[in-house]
Every structure is written in C-alpha cells, then in structure tokens.
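A look at the structure
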Amino acid sequence: MTTNVRNLLILLIASTVVAAPLAVAAPQPVGGGPNASTAAPVPGKGSNQPPSVTAFPRPGEGPIFPVTEALEAMRSGHPQLSAARADIRAAAADAVAAGLWSNPQLDASYLRAVTTNPSVDSALGFAAAGYTQFLETAGAPKARREAAQWIHDAVQSDSQALERQLSVAVQRACQHLVAAATRVEVHRQSVNRLQFADGVVGARVRDGAAPQFDGSRMTIAIALARSMLGEAEADVIAAKGELRIAVGNPDYQVHGLPALDLYLSETPVAAERLVEETHSNRPDLQAARQREHAAQTQVSVAKKSILPGFGLRGGVQYGNSSGELDFTVGITVPLLVNDHGQGTIAAAVARSESAHEQMRSLDVQAEQRVRAAWDEVQRRNDAFAKFRDSGATSAQNMGDQAMAGYRGGKVSVLELVDAFTAKRDAQLRLVDLAESMQDAALRLRQAVQAGGSN
C-alpha cells in the first residue's frame, strides 16, 4: 500500500476516535430492552449499508433475571449449606452432652456361706444392693461444656463463611456468563459485517475489478469468524453449567442472563478501613478465634480432670443374720499415682498454643490478601478505563472507510479484513478487561467478607 493511502486511512480512523469518549460515557443496561444491542441482520440483496456495530458491546436481547434470584436458590437448596446446618445442630448437642455428669450406677449382689453357723448366719444367704454416683466437685463438666460451646460458635461461623463464599462463587459465575454472552454478540456482529463485505468483494471479483484472491481471502476470514462464534456459543453453554454448579440447587435452571453490567466499576474504600473490617467481621477469622478459646478452655478441662471429684455409694444388705438389715455408705477417691496430668495437661497447652498461632497466621494472610486484592482492583480499573477512553473500541466508521477505499481500489482486501477484525479484537479486549476488573472486585470482596480460596 502506498504512503498516501496509508496516511489517508490514519486520518480517517483518527477522525472517528476523537468522538469516542462520548460514545462510551453512558453504557446501556445489560440484557433486553430498547437500548440493548442486538445481532445485526445480514443485509438483503441490494443493501448499501453494512450492519451497525456497537462501540460498547452488550449481550443480545433476551430474558434477564436478577442475581439475587440465583443467590436465593443457592441459599435455599445448596447441599453444602444443608450439611452445615446439620453440623451446627450436632455441635449444639455435643455442648449439651459435654456438660452432663456421668450416670449413677446401681449394683446388686448375693452371698451364701459354704458353711453356716445356724446361730449367726442365715441358711438362705444374704443380698446387698447399692447406688453409686460420681460427684464432679472440680467443675470439669462445666469447663467441658464451655469448650464445646466455643466449638459450636466456631461451627456457626464456619457456616456463615461458607454461605458468603458460595455467594461470591454465584456472583462470579453470573459475571462470567454475561461476559461469555457479550463475546457471542461481538462475534455475531463480526460475522455479519464480514458477510456484508464479502458481498462487495464478490461483486468486484465477478466484475473483474479484483482478483480471485480477494474472494478467497474473504472466505477464509468468514470461516474463521464463524468458528470463533461457535466457540463463543459453547463458552456460554459452559458458563451456564458453571452457574448451575455454583447455585448447587438441583431444581435451579438458568433462563436468560443475569441483570448486571460488566462495565460498571467501583472505587474501593481505603485499604486500612477494609483491613479493619476484615479483622472484625470475617466469619472464618471469628471461627479461628473461637477455636482458640475452646483450646484454652481445654487446658482447664485437663487440669480439672486429674482430680475431678469422688464417688459416693449408699447400699443396703439383708440377711447377714436372721432378720438383719444393714445400711452402708462409702466413697471412692482417685489416687494420683500413675497419672497426675503430666500428659493431658501438656497436650492441652500445646494445642492451645497451636490454635493461637493458627489464628495469627490467618490474620496475617487475611490482611496481606486484602491489601494485594485492593492494589489489583486499582490497577485493573485503571487498565480498563485507559483502554475504554483510548477510543480503540469506538472507531465506528473504520470498516465503512475501509470499504469505501476498497470500492475505489485504494485499499487491499487484506486491509479491508484487518479493519473489521481489528474492531472485533478491540471489543473482545474491552470485554476481557471488564471481566478481569469485575473478577478483581469480587476477589477483594471475598478477601474482606468471606475468606477461603480466591
């Protein structure tokens, strides 16, 4: 291509870029509605106008649903949440059991002498019965119940953390579905535009004004565009499957697209405030602290269990001698000879120290993850905004200008194809940046509110 033609194309493209920020300043709602972008129809015979291409790509028209609908379905029917609720009930029952005294024991015996002294012993022998209760005077059951209650509270916190993590997963799946549907629309528009250009190229080839190579090149370009469209449609199917998996409710079906906007970005509050919120409100950190309290209480349980109390027995005997009835009282006290807590107390202390260090480790990781996620959000927001405002996605007339140049014999078919594919690639890049920006925002939200793996 000559230098003059190249300069002409640069000037034409630059003239469209100047007005680009106005075209993208106010993105339209996602999904259906009068403002939603739709797949441009393939023009019929005799059409002189190519299909329009939106600078800010949106999914095509269709049913939409609020993200809260998917979240409610997850909360009401996800098996992991049902299992977590069962774990809470089990932990509550464990707390009750931990504070109970041991059951009393009832014993009975019969004795008959081999030789008898009729004046002293009964010929029929004698019977005895007793009732024994261990008295927990050291307060070990109360300490055990306190430790078990801390574990119950930790299990509740775990359940809350799980629900938040699953909610983030649902929101992430919704975002990926919208992004996949948006890419389908970009590829569909690209196919339509290339098909229109193919009509122009074919006419020139038939008229002898262009070589057969031009037609072959357009055929390849259209085939590639259609294959990309097919892959994008498969990605939508996969994204819907991921959303159903994230919701987890076996009765849930995906009808339409989530009502969310990929291009809306939020500037997070200061990192220090988010770190404070993380330490005070994140359920998994609360669960770690509650388990630390439980481990500390287990030290007291170990100490109280060395000499927990004594056994008290009351009994009655009948028949030691003719008509004799006897009452007995006795106590049993453990002797600290072999086991005086040298193992159990040391183990409980070590577990308490371990729980404390685990809690500290989670606190450090949480703060580091929040700060890293905060920095990532800032950078991805900036990358998205710079690309959006650069005008790379808003050269609306670039294809029309290339088409005019091709009709006049000033632009080659390679440059014509490049004009259409460059527009498509720029829009796909915008969708990628927007999706990455939303993923980063979700990772920050998860780091602050939910914890777990990002």
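Report on the accompanying structure. Since we're looking at a predicted model, the values are computed, not measured. (Residues numbered from 1 in each chain as written. Predicted model: local features only at pLDDT ≥ 70, side-chain atom pairs only at ≥ 80, totals over all residues. Heavy atoms only, no water.)

1. Things to note about the overall build of the protein chain
Counting secondary structure elements, the protein chain contains 11 helices and 6 strands. Per-residue burial for the protein chain yields a buried fraction of 42% across its 454 residues. Contacts in the protein chain between residues far apart in sequence, at least 24 positions, make up 83% of those at least 6 positions apart. Here the protein chain displays about 23800 Å² of accessible surface, and carbon together with sulfur accounts for 56% of that area. (Helix = DSSP H or I, 4+ residues; strand = E, 2+ residues; numbered from the N terminus. Buried < 20%, exposed > 50% of the residue type's maximum accessible area, 1.4 Å probe, protein only. Contact = heavy atoms within 4.5 Å. Areas by Shrake-Rupley, 256 points an atom, 1.4 Å probe, with all protein chains shown as cover.)

2. What to know about the sheet that holds strand E2 (residues 105-111)
A sheet is described by the order of its strands in space; here 4 strands give the open sequence E2-E3-E5-E6, paired in antiparallel fashion. Looking along the sheet, the strands with just one partner apiece sit at the ends: E2 and strand E6 (325-332). Each strand of the sheet is rotated relative to its neighbour by a mean of 20 degrees, with strand direction disregarded. (Pairing = 2+ DSSP bridges. Axes fitted to C-alpha atoms, helices over the stretch in contact; angles between N-to-C directions.)

3. Quick word on the nonpolar core
Residues Val170, Leu243, Val247, Tyr252, Phe384 and Leu416 are the most contacted members of the largest nonpolar core, which totals 60 residues. Among the elements that line this core, the one with the most residues is helix H5 (residues 140-206), at 18 residues. Residues within four places of leucine 243 in sequence aside, it is in contact with Phe65, Val170, Ala173, Cys174, Leu177, Tyr252 and Val254. (Core = buried A, V, L, I, M, F, W, Y, C linked by side-chain atoms within 4.5 Å.)

4. Here we look at the environment of lysine 423
With respect to the helices and strands, the residue lysine 423 is situated in helix H11 (residues 413-450). Lysine 423 sits in the buried class, given a relative accessible area of 9%. Taking C-alpha positions, lysine 423 is 9.4 Å from valine 186, a pair spaced 237 residues apart along the chain.

5. A few points about the pattern of salt bridges
Following the criterion strictly, the structure yields 21 salt bridges and no others. The shortest N-O distance in the salt bridge between aspartate 158 and arginine 291 comes to 2.6 Å. Of the two residues, aspartate 158 sits in helix H5 while arginine 291 sits in helix H8 (residues 283-304), which places them 133 residues apart along the sequence. The class for arginine 291 is partly exposed, based on a relative accessible area of 34%. Between aspartate 425 and arginine 424 there is a salt bridge, and its shortest N-O distance comes to 3.2 Å. A relative accessible area of 40% means that aspartate 425 is categorised as partly exposed. We classify arginine 424 as buried; its relative accessible area is 8%. Connected through shared salt-bridge partners, Glu72, Arg75 and Glu163 make up one network. (Salt bridge = Lys/Arg side-chain N within 4 Å of Asp/Glu carboxyl O.)

6. Remarks on the packing of aromatic side chains
Applying the stated rule across the entire model yields 1 aromatic pair. Measuring from ring centre to ring centre gives 6.1 Å for tyrosine 263 and phenylalanine 384, while their planes differ by 20 degrees; the resulting arrangement is stacked. Remark: phenylalanine 384 occurs in helix H9 (residues 344-389) and tyrosine 263 occurs in the loop between strand E4 (257-258) and helix H7 (271-281); sequence separation between them is 121 residues. Comparing tyrosine 263 with phenylalanine 384, the two get one shared label, buried. (Phe/Tyr/Trp six-rings, centres within 6.5 Å; stacked < 30°, edge-to-face > 60°.)

7. Topic: the environment of alanine 447
Looking at where alanine 447 falls in the secondary structure, it is placed in helix H11. For alanine 447, a relative accessible area of 1% gives the class buried. Leaving out residues up to four positions away in the same chain, alanine 447 has contacts with Thr278, Arg282, Arg369 and Val370.

8. Overview of the packing of H5 against H11
Two elements in contact, H5 and H11, have axes separated by 10 Å at closest approach and are oriented at 175 degrees. Taken together, the axes of H5 and H11 lie roughly antiparallel to each other. Residues of the contact of H5 with H11, tallied by class, amount to 14 nonpolar, 12 polar and 10 charged. (Parallel < 35°, antiparallel > 145°, perpendicular 65-115°, else oblique. Nonpolar A, V, L, I, M, F, W, Y, C, P; charged D, E, K, R; others polar.)

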